[in-house]
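The primary structure of each chain is shown beneath.
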Amino acid sequence: MAIDAATVRRVAKLARIAEPEERLEPLAQELSAILDWIEQLDEVDTDGVEPMTSAVAAALPMREDVVTDGQKRDAVLSNAPRQADGFFVVPKVVE
Amino acid sequence: MAELTELTLKAALDGLAAKDFSAEELARAHLEAIEAANPQLNAFVLTTPEAALEGARRSDARRARGEAGPLEGAALGVKDLFATEGVRTTAASRILGDFKPPYESTVTANLWRDGAVMLGKLNLDEFAMGSSNETSAFGPVVNPWKGRGSNQALTPGGSSGGSAAAVAADLCLGATATDTGGSIRQPAAFTGTVGIKPTYGRCSRFGIVAFASSLDQAGPIAKTVEDAALLLRSMAGHDPKDSTSLPVETPDFAAAVQRSVKGLRIGVPEEYRLDGMAPEIAAMWDQGIAWLKDAGCEIRSVRLPHTRYALPAYYIVAPAEASSNLARYDGMRFGYRGEGRSLSEVYEATRGEGFGAEVKRRILIGAYVLSAGYYDAYYLKAQKVRRRIVQDFETAFQEVDALLTPTAPSAAFGLGERVADPIAMYLNDVFTVTTNLAGLPGLSLPAALDAQGLPLGLQVIGRALDEETVFAVAGALEKAAGFRAKPERWWA
């Protein structure tokens, strides 16, 4: 099941990564080679096997629903590419 | 007395306790070694000399007050994947720019709590995605080891190549590292150092830049098995800030190194004997088996039939998790921001320009295998195969107490030799990736030199939360191997 350039364009869009047009075809070939190699998994009989979703068999711990952190506006903003008046400055999203 | 930088961590701690030298002298010796070596080795991406010397002086003061911690005065390096408060943390990616975390990772905080001193941040593959350190935005680390009579620059392995190279070249007494598919153990094998990936959940992931959350684990790279045990004891421990951190006591790993291995049952997995395995790797493995037999272990052949499917399963699970984890790099709140006319264009420019080629490749694979219509065929299938791999280990560990394997299928290879072929690069992790999928502890230690004079590593794999047996077996192997070789200091 090879990936073509159109699929790369679609997936790159989903992943929000700009890929120049001339990179789509080489990427399609690279990704197809990797996926072809991955397809050997089809040989494994996994009927009735429960998918593994956690590396450890431990229940997720619960805690009290209380505030444990906060009041760190300046620390949160300290790495912002752009900020003003205590807010992140982002491109306009509403026309 | 040997140079201070040539000491093991244990010897340095003993020397500090005996007041043979101060933490400040120890830090200064390492900073000078880094300054001389780093232009050639590129192991550190940032050094923090003032903070290191000031921290060392505070350490000396604590010792003078009788408040010395278990790692008091130890001069360490930190893989640049651990958030260090106020100190630039990049994951070796352009996209993090000059990110200065306003918080400290739990693992490094634990080391400072125990008295250790940070020398600087260590190079790695970008976002820990790579096996040769060549995907770093800072350029590759160069392995301190060279083939006999050769001047070719070799990879130190990856992703923790900076950590491994710095320890091998005596630029620090030990280093933090992380391992998602082999990123501690393969570089340790390539540089003649010791590295352990503990059981998943042993070390907190809080403050470690996330790659694949169900696989990532922190661990040390060190000069000896005992040094690795001392470092891991400080790094590990339950942390409420990581919900997958296990609420268990941390044992005295260094005591376990001295334990007798007499009567232990050691499994040798037949499936790891790959067709066309390098004869020197096979010979080293056989030698390791003989050493353990001599030490009184019982050797048993075991089957792990799904081994060959571990890497393909990993290359679905890890990229899928990475594509989700790396969605946070959108250029809005921290790091690099690209230019564009709309929000979408800014996102795409930020990520297109900020991520390197291998990271983008993995994000695209991850996004693809998670996308509508392919989820069941790829992601769900991989999670089922992952369960099969775990079941293989469960069956084997009913009969044996630990497993012995080679760490990597080859010695260190030349920089540039494998970059063009992603799958050839991925195959470096064929012996290590299984334990990440199963969450088990795995340790690599140097066992022999190949014909070119390059180090080769043996791997010991244990049951979940049984690092003590792993350390005991590694201690016995280290004693038998008597590996003392060091790279020639061509860089200084």
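Above this note sits the structure.
Residues numbered from 1 in each chain as written. Chains lettered and ligands numbered in written order. Predicted model: local features only at pLDDT ≥ 70, side-chain atom pairs only at ≥ 80, totals over all residues. Heavy atoms only, no water.

*Asks:* Any chance you could break down the overall build of chain A for me, citing the residues and the numbers?
*Replies:* Within chain A, the regular secondary structure consists of 3 helices and 2 strands. Along the three orthogonal principal directions, the C-alpha set of chain A runs to about 55 × 45 × 25 Å. Here chain A has roughly 6,700 Å² of accessible surface; of this, 53% comes from carbon and sulfur atoms. For chain A, the separation between the mean place of its 10 positive charges and that of its 19 negative charges on side chains is 15 Å. (Helix = DSSP H or I, 4+ residues; strand = E, 2+ residues; numbered from the N terminus. Areas by Shrake-Rupley, 256 points an atom, 1.4 Å probe, with all protein chains shown as cover. Lys, Arg positive; Asp, Glu negative; His and termini not counted. Charge placed at Lys NZ, Arg CZ, Asp CG, Glu CD.)

*Asks:* Any details on the packing of helix α2 (residues 21-38) of chain A against helix α12 (residues 357-370) of chain B? Residues and values, ideally.
*Replies:* Where α2(A) contacts α12(B), the two axes come as close as 11 Å, and the packing angle between them is 65 degrees. Along this stretch, α2(A) crosses α12(B), giving a crossing that reads as right-handed. In contact with A:Leu27, A:Glu30, A:Leu31, A:Ile34 and A:Leu35 of α2(A), α12(B) contributes B:Arg361, B:Leu364, B:Ile365, B:Tyr368 and B:Val369. Considered class by class, the residues forming the contact of α2(A) with α12(B) number 8 nonpolar, no polar and 2 charged. (Axes fitted to C-alpha atoms, helices over the stretch in contact; angles between N-to-C directions. Left-handed = near helix turned anticlockwise from the far one by under 90°. Contact = heavy atoms within 4.5 Å. Nonpolar A, V, L, I, M, F, W, Y, C, P; charged D, E, K, R; others polar.)

*Asks:* Go over the nonpolar core with me, naming the residues and quoting the values.
*Replies:* All names here are of chain B. Counting residues in hydrophobic clusters, the biggest one holds 180 residues, and the most contacted among them are Phe127, Phe393 and Phe471. A per-element tally of this core places helix α10 (residues 310-325) first, with 10 residues. With residues near it in sequence (within four places) discarded, Phe393 still touches Tyr272, Leu304, Leu403, Thr434, Ala438, Leu440 and Ile461. (Core = buried A, V, L, I, M, F, W, Y, C linked by side-chain atoms within 4.5 Å. Buried < 20%, exposed > 50% of the residue type's maximum accessible area, 1.4 Å probe, protein only.)

*Asks:* Kindly report on the sheet that holds strand β6 (residues 217-222) of chain B, identifying the contributing residues and their values.
*Replies:* The strands that make up a sheet pair up through hydrogen bonds in the backbone, lying either parallel or antiparallel. Residues and elements named next belong to chain B. Spatially, the 11 strands line up as an open sheet ordered β1-β3-β2-β4-β6-β5-β10-β11-β9-β7-β8, and their pairing is mixed. Among the strands making up the open sheet, the edge pair consists of β1 (44-47) and β8 (298-302). Adjacent strand axes in the sheet meet at a mean angle of 30 degrees when their direction is disregarded. (Pairing = 2+ DSSP bridges.)

*Asks:* Run through a nonpolar patch on the surface, naming residues and quoting values.
*Replies:* A cluster of nonpolar side chains, contributed by A:Val76, A:Phe88 and A:Val90, occupies part of the molecular surface with about 230 Å² of accessible area. Note that A:Val90 resides in the segment after β2 (87-88). (Patch = residues over 30% accessible without salt bridge, like charges linked within 9 Å, V, L, I, M, F, W, Y side chains within 5 Å. Salt bridge = Lys/Arg side-chain N within 4 Å of Asp/Glu carboxyl O.)

*Asks:* Summarise the interface of chain A and chain B; cite the residues concerned and give the values.
*Replies:* Facing the 51 residues of chain A at the interface are 57 residues of chain B. Of the roughly 4,800 Å² buried at the junction of chain A and chain B (both faces included), carbon and sulfur atoms supply 69%. At the boundary of chain A with chain B, the tally comes to 3 salt bridges. Between B:Arg308 and A:Glu43 there is a salt bridge, with its nearest N and O atoms 3.4 Å apart. For the pair chain A and chain B, the number of links is 17 residue pairs in polar contact (both at pLDDT 80 or more). (Buried area = accessible area lost by both parts, 1.4 Å probe. Polar contact = N/O pair within 3.5 Å; in protein donor to acceptor, adjacent residues only side chain to side chain.)

*Asks:* So what's going on with the environment of B:Leu440? Which residues, and what values?
*Replies:* Residue and element names in this part refer to chain B. Relative to the helices and strands, Leu440 is located in the loop between α15 (433-438) and β10 (442-449). For the pair Leu440 and Leu370, spaced 70 residues apart in sequence, the C-alpha to C-alpha distance is 26 Å. With residues near it in sequence (within four places) discarded, Leu440 still touches Lys197, Pro198, Thr199, Phe393, Phe397, Thr435, Ile461, Gly462, Arg463 and Ala464.

*Asks:* With reference to specific residues and values, describe the pattern of salt bridges.
*Replies:* What the rule picks out here adds up to 34 salt bridges over all chains. Linking A:Asp69 and A:Lys72 is a salt bridge whose minimum nitrogen-to-oxygen distance equals 2.8 Å. A residue is classified by how much of its surface remains accessible, and A:Asp69, at 53% relative accessible area, is exposed. A relative accessible area of 45% places A:Lys72 in the partly exposed class. In this structure, the salt-bridge partner of B:Arg362 is B:Glu358, at a minimum N-O distance of 2.7 Å. You can see B:Arg362 and its partner B:Glu358 sitting in helix α12, 4 residues apart, about one turn around the helix. One continuous salt-bridge network, built from bridges that share partners, spans B:Glu3, B:Glu6, B:Asp170, B:Lys223, B:Lys486 and B:Arg489.

*Asks:* Before we move on, can you summarise the packing of aromatic side chains with the specific residues and values?
*Replies:* All names here are of chain B. Counted by the stated rule, this structure contains 19 aromatic pairs over all chains. Residues Phe253 and Phe471 carry aromatic rings whose centres are separated by 5.4 Å and whose planes lie at 40 degrees to one another, so their mutual orientation is tilted. Here Phe253 is found in helix α8 (residues 253-257), whereas its partner Phe471 is found in helix α16 (residues 467-481), with 218 residues between them in sequence. Measuring from ring centre to ring centre gives 4.9 Å for Tyr314 and Tyr315, while their planes differ by 75 degrees; the resulting arrangement is edge-to-face. The pair Tyr314 / Tyr315 is uniform in exposure class, with both members buried. (Phe/Tyr/Trp six-rings, centres within 6.5 Å; stacked < 30°, edge-to-face > 60°.)

*Asks:* Provide a residue-level description of the environment of B:Ala12, including the pertinent values.
*Replies:* Residue and element names in this part refer to chain B. Checked against the element boundaries, Ala12 lands in helix α1 (residues 9-17). The exposure class assigned to Ala12 is buried, which follows from its relative accessible area of 1%. For the pair Ala12 and Leu71, spaced 59 residues apart in the sequence, the C-alpha separation amounts to 9.7 Å. Contacts of Ala12, omitting those with residues within four sequence positions, involve Leu7, Phe21, Leu26 and Leu173.

*Asks:* Can you break down the pairing of β10(B) residue by residue, with the values?
*Replies:* Residues and elements named next belong to chain B. Across the 8 residues that make up β10, a large majority, 6, are buried. Here 7 bridges tie β10 to strand β11 (residues 455-462), and the two strands are oriented antiparallel to one another. Each bridged residue has a counterpart across the sheet, and for Leu449 the counterpart in β11 is Pro455. The loop that links β10 with its antiparallel partner β11 comprises 5 residues; one of these, Gly453, has a positive phi angle of about 85 degrees.

*Asks:* I'd like to hear about α10(B), residue by residue, with values.
*Replies:* Between its terminal C-alpha atoms α10(B) stretches 22 Å, which fits the 22 Å expected from 16 residues at 1.5 Å a residue. Of all the 16 residues making up α10(B), 15 are buried; the element is thus mostly covered by neighbouring parts of the structure. (Expected span 1.5 Å × (residues − 1).)

*Asks:* Tell me what's going on with helix α4 (residues 106-113) of chain B, and back it up with residues and numbers.
*Replies:* Residues and elements named next belong to chain B. Within α4 the residues assigned to the buried category are Thr106, Val107, Thr108, Asn110 and Leu111. Among the structural elements, β2 (75-79), β4 (174-179), β6 and α7 (225-235) are those in contact with the buried residues of α4. Just beyond α4, the residue with positive phi is Gly115, at close to 105 degrees.

*Asks:* An account of the environment of A:Val89 is requested, with residue identities and associated values reported.
*Replies:* For A:Val89, the location among the structural elements is in the segment after β2. Judged by its relative accessible area of 22%, A:Val89 falls in the partly exposed class. For A:Val89, the contacting residues outside a window of four places in its chain are A:Arg82, A:Gln83, A:Ala84 and B:Arg337.

It is worth stressing that arrangement in space is one thing and function is another; only the former is reported here.
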